[in-house]
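One letter stands for each residue in the lines below.
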Amino acid sequence: MSVVIESTLTAGLAALAAGVFWLLGWRLRRAHIWLAPLGVSVGFAVLFWRVQGRPDFPPLDATHWAFWHALFALPLGWLAGIGASYRWVWVWGALLGALWLLVPPLYPLMQSGYWSNMAGVAYIMAFALATWLLMTLSAPVGDEAGAAVPFLLATVGGISAGVLFYGAKSASLAQLSGTLGGTIGLGVVFGLALRRFHLGRGAIALTVFLFMSLWTTALGFANLTLGQLTLLYLLAFAPALRLLPALKRQSPAIRFALPLVILILVGGTVVWLQYNAYMAQGVN
Amino acid sequence: MAKRFQTRFWAHVAILSTLVGSLQSVQAQAVTYRIDPVHSFIVFRVKHLNTGFAYGRFNSFTGTMVVDERNPANSSIELEIDANSVDTGNSQRDDHLRNPDFFNARQFPKITFKSTRVRKISNNTVEVQGNLTMRGVTRPITVRVEFTGKGRNQRGQEIIGFETTFTIRRSQFNINYGLNVALAD
């Protein structure tokens, strides 16, 4: 099977798996907070299985924790949809959950001696805090109906794929990241076709968590630099810019266009530069 | 003494290696040689996009070999390869090979082989059974090793050479990326 057909089939299966749950969540309003994150979780699990094969547990290969993150972080996605009066449970749960989930994949780098214990602890703490901040600040944008939010998040996935492929030199992580973005992109279709369709807080929180899982994996095990990770991290906040009071007062077109322009200008430029540097050194 | 040991992993992932070392000790009839990485080679090949073969080598490795010519069953070999030293003549591809798609060298920096049994097949050939560990997965393999020569180097040290070619399936070592799509097993 050709690379293109194989990749398309993988993306299609992941989107199909996620889409079934999102459609059910759209129809069954009361179950939406459970089904929307479940769609992301199952979609990513299908995607990972197709790309990396059947993961074992606990994974011998630390990079395979990304699969289990999709399942173990699911409760964080469910918590994100909790009612306002209990939202403190989500906030603290996300912090503890992020910390707990990031230890297993990154600890082997301390075991192998690639990171000193001091550096490893510092990285894990910093990444957990950063992930928590991204999840809690981005989640509310999931309440917005329409195609704009999934489109912006899918764009983050596309930029991420480019940086992971040309910068981190990892085809698998790039495929996982790009196809996760593509899966979220199905939300664009639903957002246009279905009345009041929204991904929900939990789906957004789980998606950005999975992006962070892939980026930290790429920093630890592939060639992603701290600068590249920081850039991807900051770009991931672009959809949440829509929640800024100054932007909330603007027209829907501006609320969509401004984050998109930032993503395309900054992210697109970085991917373009890395692509040129990659090609200049010869294609593998 | 120096020894020459050549290995090829075939199938879709193929490795060819030549190892040379110097005499370390003699106990009874068994002689211990240290592998000389300068005159030894570990080379592999893998089929790319179902078309041509891509070749590469590992530049850094260490090991010892115990050779008992009278009783080959007493012979043994231990080899440790630095996975980060993979060299295919293209730095981009080498970076890709080191990362989680293939060797995941930051978590698993060493590839090792330790023999468990050596059996004489003919005057110039022995069968070596042992455990190959790569990417944290240990699998038993059996290879036929051919004696290629014996002599002395410029320092007057005894040298000895061997060569082997064999095939492994990378999927057995959890290296699954692009399996049968971009690269063969």
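Reading the values: the criteria
- Residues numbered from 1 in each chain as written.
- Chains lettered and ligands numbered in written order.
- Predicted model: local features only at pLDDT ≥ 70, side-chain atom pairs only at ≥ 80, totals over all residues.
- Heavy atoms only, no water.
- Helix = DSSP H or I, 4+ residues; strand = E, 2+ residues; numbered from the N terminus.
- Rg over C-alpha atoms; globule rule 2.2 N^0.38 Å.
- Buried < 20%, exposed > 50% of the residue type's maximum accessible area, 1.4 Å probe, protein only.
- Contact = heavy atoms within 4.5 Å.
- Areas by Shrake-Rupley, 256 points an atom, 1.4 Å probe, with all protein chains shown as cover.
- Axes fitted to C-alpha atoms, helices over the stretch in contact; angles between N-to-C directions.
- Parallel < 35°, antiparallel > 145°, perpendicular 65-115°, else oblique.
- Left-handed = near helix turned anticlockwise from the far one by under 90°.
- Nonpolar A, V, L, I, M, F, W, Y, C, P; charged D, E, K, R; others polar.
- Patch = residues over 30% accessible without salt bridge, like charges linked within 9 Å, V, L, I, M, F, W, Y side chains within 5 Å.
- Salt bridge = Lys/Arg side-chain N within 4 Å of Asp/Glu carboxyl O.
- Expected span 1.5 Å × (residues − 1).

## Remarks on the overall build of chain A
And step 1. Broken down by element type, chain A carries 12 helices and zero strands.
And step 2. Of the regular secondary structure in chain A, the N- to C-terminal order runs α-α-α-α-α-α-α-α-α-α-α-α.
And step 3. Rg of the C-alpha trace for chain A: 18 Å, near the compact-globule value of 19 Å for 284 residues, within the 12% margin.
And step 4. Over its C-alpha atoms, taken along the principal directions, chain A stretches across nearly 50 × 40 × 40 Å.
And step 5. Residues counted as buried form 54% of the 284 residues belonging to chain A.

## A few points about the overall build of chain B
And step 1. Scanning chain B for helices and strands turns up one helix and 10 strands.
And step 2. Counting from the amino terminus, helix and strand elements in chain B follow one another as β-β-β-β-β-β-α-β-β-β-β.
And step 3. A total of 185 residues make up chain B; the buried ones form 52% of that total.
And step 4. Across chain B, the fraction of contacts at a sequence separation of at least 24, relative to all contacts at a separation of at least 6, is 50%.
And step 5. Accessible surface, chain B as shown: approximately 8600 Å² in total, 46% of it carbon and sulfur.

## Digging into the packing of helix 3 (residues 65-72) of chain A against helix 9 (residues 201-221) of chain A
All names here are of chain A.
And step 1. Relative orientation of the contacting elements helix 3 and helix 9 amounts to 160°, with a least axis distance of 10 Å. The angle between helix 3 and helix 9 places the two elements in the roughly antiparallel class. In this structure, the crossing between helix 3 and helix 9 has a hand that is right-handed. Contacts from A66, H69 and A70 of helix 3 reach helix 9 at L206, F209, L210, S213 and L214.
And step 2. In terms of residue class, the contact of helix 3 with helix 9 is built from six nonpolar, two polar and no charged.

## Some details on a nonpolar patch on the surface
And step 1. Together, A:L9, A:L13, A:L16, A:V20, A:L24 and A:L28 give the surface a local cluster of nonpolar side chains, amounting to about 490 Å² of exposed area.
And step 2. Looking at where A:L24 falls in the secondary structure, it is placed in helix 1 (residues 3-27).

## What about the environment of B:F103?
And step 1. The residue B:F103 is located in the loop between helix 1 (91-98) and strand 7 (110-122) in this model.
And step 2. With 37 residues separating them in the primary sequence, B:F103 and B:V66 have C-alpha atoms 28 Å apart.

## As for the side chain of A:Q274
Residue and element names in this part refer to chain A.
And step 1. Of note, Q274 is situated in helix 12 (residues 252-280).
And step 2. Of the residues examined, Q274 reaches a relative accessible area of 13% and is grouped as buried.
And step 3. Aside from chain neighbours lying at most four places away, what touches Q274 is G162, V163, Y166, G167 and Q228.

## Considerations on helix 7 (residues 148-167) of chain A
All names here are of chain A.
And step 1. Taking 1.5 Å per residue as the helical rise, helix 7 with its 20 residues ought to reach 28 Å, and the 28 Å between its terminal C-alpha atoms agrees with that figure.
And step 2. Burial analysis of helix 7 places 16 of its 20 residues in the buried class, which makes it a mostly covered element.
And step 3. Looking one or two places after helix 7, you find K169, whose phi comes out positive at around 60°.

## Points about unusual backbone geometry
And step 1. A cis amide bond links A:F57 to the next residue, A:P58, at an omega of -10°.
And step 2. Inspection of the secondary structure assignment puts A:P58 in the loop between helix 2 (32-52) and helix 3.
And step 3. The backbone phi angle of A:R196 is positive, close to 60°, even though this residue is not glycine.
And step 4. Residue class for A:R196 comes out exposed when judged on its relative accessible area of 54%.
And step 5. Of note in this structure, B:N104 is not a glycine but carries a positive phi near 50°.
And step 6. Within the secondary structure, B:N104 sits in the loop between helix 1 and strand 7.
And step 7. Owing to a relative accessible area of 0%, B:N104 belongs among the buried residues under this scheme.

These figures come from the coordinates and say nothing about function on their own.
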